[in-house]
Amino acid sequence: AAAAVRVTYRPLPSVLSLSEAVEAENFHPPYSGLLTEYGNAPQMFRSPPDGALLIEGCVSTPRTEHFYLETQSARAAPGDNGVIEIDSATQNPTRVQLEVARALGVPMHRVVSRASKVGGAFGGKESRNLGMCCAVAVAAAAARRPVRMVLSRREDMSTSGQRHPFLFRYKCLVEAASARLLALDIEAFSDTGFSLDYAWPVMEIALTHLDNAYFVPNFRARGRVCKTNTPTNTAFRGFGRPQALACIETIMERVAHLTGLPSHVVRERNMYRKNQRTPTGMPINDDFKLLSRVWPQLLQTSDYEKRLHNAHAFNALKGRYRRGLALLPLKHGIGFATAHLNQAAALVSVQSDGSVQLSHGGVEMGQGLDSKVAWAVSQALSTPPRLVHVLPTSTARCANTSPTACSSGSDLNSAAAADACHRILRRLERVKANMAPRSYASREEEWCHLVECAYLKKVQLSASGFHAHEGVGFDWATQTGRPFMYFVTAAACCEVELDVLTGAVSFERVDMLLDLGRSLQPLVDRGQVEGAFLQGLGYYLMEDMRWDTSSGALITDSPSTYKIPSAADTPLELRVDILSDSFNPHAILGSRGVGEPPLMLAASAFLATQMAIQSVDACQRIPCAFDLPDVGPPEGRCAEGAKHGEGREAQAHADERVGKEYATANGKYGGGGNGGGGGGGRGRGGGGGGGGGVRHHL
């Protein structure tokens, strides 16, 4: 039947880039976009105070591929009594259940959605697998036999979407004497492809993180979602935050450049203090330890000021290699801004021999979620962790699950599992009160004897638990609410070495300090930090997606053409520390989410590379640009201008191919900064020739 179909079509004009969509005003509704305000930024720009500096510019960020180990896959099979059972690589089993039920025209109770351990997801398996799941379910229902589909890597990369590209246009008002931000006005545009998917939620998160760790007394940001004739982009680890950080850190670099102050001093002067509020109205309280503990501790442990002095002295020798050093703070909101998603359920079943079966609504994707939830159960029951076994996620055991995303999986599901444990413990307490006193060789022996007695007395040994973050949710229409449950604060210091002849950059040392509260699993969290940072290096410095501008087809559609970071790209010294003696009152056992925040800390490597580039004589007057447009040669050309000794004359022509003109410090594109380096082509790392991304030798 498929072979008999003949399709007649004619090519229509296409919009393949974000800049084209913005110019054509090709927006998804609501066309007015989203708006968040604090203070009165328009009035400040109309009547700026004496001595204020006005900075304007643009920042663009690229697409990047998830490149999870396991590609999109799904298997559907008919079960008993007309039930369809579907196993898929998904972060959102309930959404799969809902869409499959709609495709089959049956109620949700006729569909069972399961998710065993998934081979990586990073946001790419929240929604982009739904079409596949519906297809195999319809085929399985029609054929009455199992149907399975697995995408090849090329098919996956070409169809499943990537991180949203962003374009930011900003105006910033700065007090010249103190380098403090007075007002900020940002217009944000994102490229969602041909359909929306999660475009508006991503835009919401980006707008709420455009302040990063800095207080802006007068803030205004508006976001619009653009439509292009490309595959739909989707959720990606960070969910709009990495793009927002690129914008605000460009601004901070330009402030430092124009005021002549060290960049770390400018950042510290503008950091949030106690009793201040974010642009969405969230208060900064004692729980926010960035300025009080995280920042000063990392300044000391990283020996930043001494190493910065040594880097300047090394660069003054004007040799082949140049060094760069950067210090970066981070504020990251945890929780779903959509209020009803902040809930989770779990089922805990204690067997008669004392072992425990656990089922929760989260999905294990390699992030260690099962280990954390199992640990929370063992702590609640005071049993050894080896007695707890986690079953695959299934809507038959835990209904109405929320997606495992936004670094909230362990908070929600661990709390739900602990709630189930407390219900069981209350029943066991009554049994224990009637037991004769006796001694036990271990806590495990005592537990198993108590469970056995409860079973013989016909006491229920299973319970369903539930947890919801109350008071979380933001109303964009009224600009009221609390978009996040709490903040994770962190800081990173990165040192790089640049070969000005080849453009090769090596990551010499990275120091990171994160406030993760009382970590549920410190080793798991350290692994998350290291992995996220390396993934961030790919985003900010290495990865490059290329498209055929005539057809819109993806060129970099396989590992042979798309390069992600590998073990060889790990910094020579990678030091990860978790803030000690910290407690989070908003999450179970005082912990904090960890999955996404470390990715943004990799921007410190980008800023350090800018400093190394600006130390080259030919690059000193070229304004820096934290600009990552989605064009440029895959091999990168970051230091090409330095390599050939080209000056500003080369910069004037560096970006002709993408039709942009990078002007001076107050120009339309790019930014200035004491971290230096021009931006053109790919813009990753800048350079005297305005070249593209960092050419990284493995």
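Analysis parameters
- Residues numbered from 1 in each chain as written.
- Predicted model: local features only at pLDDT ≥ 70, side-chain atom pairs only at ≥ 80, totals over all residues.
- Heavy atoms only, no water.
- Helix = DSSP H or I, 4+ residues; strand = E, 2+ residues; numbered from the N terminus.
- Buried < 20%, exposed > 50% of the residue type's maximum accessible area, 1.4 Å probe, protein only.
- Contact = heavy atoms within 4.5 Å.
- Areas by Shrake-Rupley, 256 points an atom, 1.4 Å probe, with all protein chains shown as cover.
- Pairing = 2+ DSSP bridges.
- Axes fitted to C-alpha atoms, helices over the stretch in contact; angles between N-to-C directions.
- Right-handed = clockwise from strand over helix to strand, strands pointing away.
- Core = buried A, V, L, I, M, F, W, Y, C linked by side-chain atoms within 4.5 Å.
- pLDDT = per-residue confidence, 0-100.
- Disulfide = S-S within 2.5 Å.
- Parallel < 35°, antiparallel > 145°, perpendicular 65-115°, else oblique.
- Nonpolar A, V, L, I, M, F, W, Y, C, P; charged D, E, K, R; others polar.
- Polar contact = N/O pair within 3.5 Å; in protein donor to acceptor, adjacent residues only side chain to side chain.
- Salt bridge = Lys/Arg side-chain N within 4 Å of Asp/Glu carboxyl O.

Chemist: Where do I start with the overall build of the chain in this structure?
Modeler: When helices and strands are counted, the chain shows 18 helices and 20 strands. Burial status across the chain gives 59% buried among its 698 residues. Long-range contacts, defined here as pairs at least 24 residues apart, represent 81% of the contacts in the chain between residues at least 6 apart. By element, 51% of the accessible surface of the chain is carried by carbon and sulfur atoms, the whole surface being about 27300 Å².

Chemist: I keep staring at the sheet that holds strand β13 (residues 388-390) and nothing clicks. Help me out?
Modeler: Working definition: the strands of a sheet are paired by backbone hydrogen bonds and lie parallel or antiparallel to each other. What the four strands build is an open sheet, ordered β13-β12-β11-β15; its pairing is mixed. The open sheet has two edge strands with one neighbour each: β13 and β15 (462-468). Within the sheet, the average angular offset between the axes of one strand and its neighbour, ignoring direction, is 25°. Sheet analysis places strand β11 (residues 343-350) next to β15, joined by seven bridges and oriented antiparallel. Bridge pairing in β15 links L347 to S464. Together, β11, β12 (356-360) and β15 form the strand contacts of helix α12 (residues 409-433), whose direction differs from that of β15 by roughly 140°.

Chemist: Would you explain the pairing of strand β8 (residues 180-191) in this entry?
Modeler: Regular strands place their side chains on alternate faces of the sheet. Among the 12 residues of β8, 10 are classified as buried, and the element is accordingly described as predominantly covered. Alignment of strand β7 (residues 166-175) against β8, held across 10 bridges, turns out to be antiparallel. If you follow E175 over to β8, its bridge partner there is R180. Connecting the antiparallel pair β7 and β8 is a turn made up of four residues, with A179 showing a positive phi of about 65°. Relative to strand β9 (residues 219-226), β8 runs parallel, the two being bridged by eight bridges. Note on β9: the bridge partner recorded for D185 is R220. Handedness of the crossover joining β8 and β9 through helix α6 (residues 199-207): right-handed.

Chemist: Help me out: how do you make sense of the nonpolar core in this one?
Modeler: Most often, soluble globular proteins keep nonpolar side chains buried together rather than apart. Counting residues in each nonpolar core, the largest one holds 64 residues, and the members touching the most others are I186, L210 and I251. The contact partners of L210, leaving out residues within four places of it in the chain, are F168, I186, F219, A221, A244, C247 and I248. If you look at the next biggest cluster of nonpolar residues, it comprises 47 residues, including M485, L534, A608 and I613.

Chemist: Any chance you could explain the sheet that holds strand β19 (residues 505-514) here in plain terms?
Modeler: Within the open sheet, the four strands sit side by side as β10-β18-β19-β20. Their pairing is mixed. Single-partner strands in this sheet number two, and they are β10 (321-334) and β20 (573-578). In this sheet, adjacent strand axes meet at a mean angle of 15° when their direction is disregarded. Here strand β18 (residues 486-499) pairs with β19 via nine bridges, running antiparallel. Counterpart to C494 in the pairing with β19 is V510. On top of the sheet, helix α10 (residues 304-316) reaches β10, β18 and β19; it is set at about 145° to β10, its chief contact.

Chemist: Got a minute to help me understand the confidence of the model for the chain in this structure?
Modeler: Parts of the model with low pLDDT should not have their predicted coordinates read in detail. Confidence in the prediction of the chain, expressed as mean pLDDT, is 88, and 89% of residues score 70 or more. In the model, residues 628-698 has pLDDT below 50 throughout and makes 231 contacts with residues more than four positions away in sequence or in other chains.

Chemist: Explanation requested: the pairing of strand β5 (residues 111-115) in the structure shown.
Modeler: Along β5, four of the five residues are buried, which leaves the element largely enclosed by surrounding structure. Bridge count for strand β4 (residues 84-88) against β5 is four bridges, and the pairing is parallel. When the bridges of β5 are listed, E85 appears paired with V112. Each parallel crossover has a hand, and the one from β4 via helix α3 (residues 93-104) to β5 is right-handed.

Chemist: Is there a simple way to explain the state of the cysteines in this structure?
Modeler: A covalent bond bridging the sulfur atoms of two cysteines is what the word disulfide describes. All told, the structure shown has zero disulfides when counted by the stated rule. The cysteine C172 is free of any disulfide, with C247 supplying the nearest cysteine sulfur at 9.6 Å. For the unlinked cysteine C494, the closest cysteine sulfur is that of C493, found at 7.5 Å.

Chemist: Teacher, can you tell me more about the packing of helix α14 (residues 522-542) against helix α16 (residues 603-614) here?
Modeler: Each packed pair of helices is defined by two parameters, the angle between the axes and the distance between the axes. Where α14 meets α16, the axes come as close as 8 Å, and the angle between the chain directions of the two elements is 45°. Put simply, α14 runs oblique to α16. For the pair α14 and α16, contact is made by F533, L537, Y540 and L541 and by A603, S604, A605, F606 and T609, respectively. Within the contact of α14 with α16, the residues separate by chemical class into seven nonpolar, two polar and no charged.

Chemist: I would appreciate a short explanation of the side chain of R63 in the present structure.
Modeler: Position of R63 relative to the elements: it lies in the loop between β2 (52-61) and β3 (73-78). Taking the relative accessible area as the measure of exposure, R63 reaches 2% and is therefore buried. Here Q162 takes part through its side chain, which lies 3.5 Å from a polar atom of the side chain of R63. A distance of 3.3 Å separates polar atoms of two side chains, one belonging to R63 and the other to D191.

Chemist: Even after reading the chapter, I still don't get unusual backbone geometry, so can you show me in this structure?
Modeler: Negative phi is the rule for most residues except glycine; trans is the rule for most peptide bonds. Residues P29 and P30 are joined by a peptide bond in cis, for which omega reads 0°. With a phi close to 55°, D303 is a non-glycine residue in the positive phi region. Among the secondary structure elements, D303 is positioned in the loop between α9 (290-301) and α10. Note on D303: relative accessible area 35%, which makes it partly exposed. Not every positive phi belongs to a glycine, and N400 is a case in point at roughly 55°. Position of N400 among the secondary structure elements: in the loop between β14 (393-394) and α12. Given a relative accessible area of 55%, N400 falls into the exposed group.

Chemist: Explanation requested: the pattern of salt bridges in the structure shown.
Modeler: Oppositely charged side chains are able to pair whenever their charged atoms sit close together. Taken as a whole, this structure holds 31 salt bridges when the rule is applied. The residue R128 makes a salt bridge to D197 at a minimum N-O spacing of 3.3 Å. Here the residue R128 occupies a position in the loop between β5 and α4 (130-143), and D197 occupies one in the loop between β8 and α6, the gap between them amounting to 69 residues. Under the relative-accessibility criterion, D197 is labelled partly exposed at 27%. Linking R267 and E249 is a salt bridge whose minimum nitrogen-to-oxygen distance equals 2.7 Å. With a gap of 18 residues between them, R267 in helix α8 (residues 263-269) and E249 in helix α7 (residues 241-259) connect regions that are remote in the sequence. Each of the two residues, R267 as well as E249, counts as buried. Look at the salt bridges and you will find they share partners, linking D287, K289, D515 and R592 into a network.

Chemist: Whenever I open this one, the packing of α12 against helix α13 (residues 443-456) confuses me. Can you help?
Modeler: Two elements in contact, α12 and α13, have axes whose closest approach is 10 Å; the angle formed by their N-to-C orientations is 85°. Considering the angle they form, α12 stands roughly perpendicular to α13. Residues L425, L428, V431 and K432 of α12 form the contact with α13, whose own contacting residues are E446, W447, L450, C453 and A454. Tallied by class, residues from the contact of α12 with α13 come to seven nonpolar, no polar and two charged.

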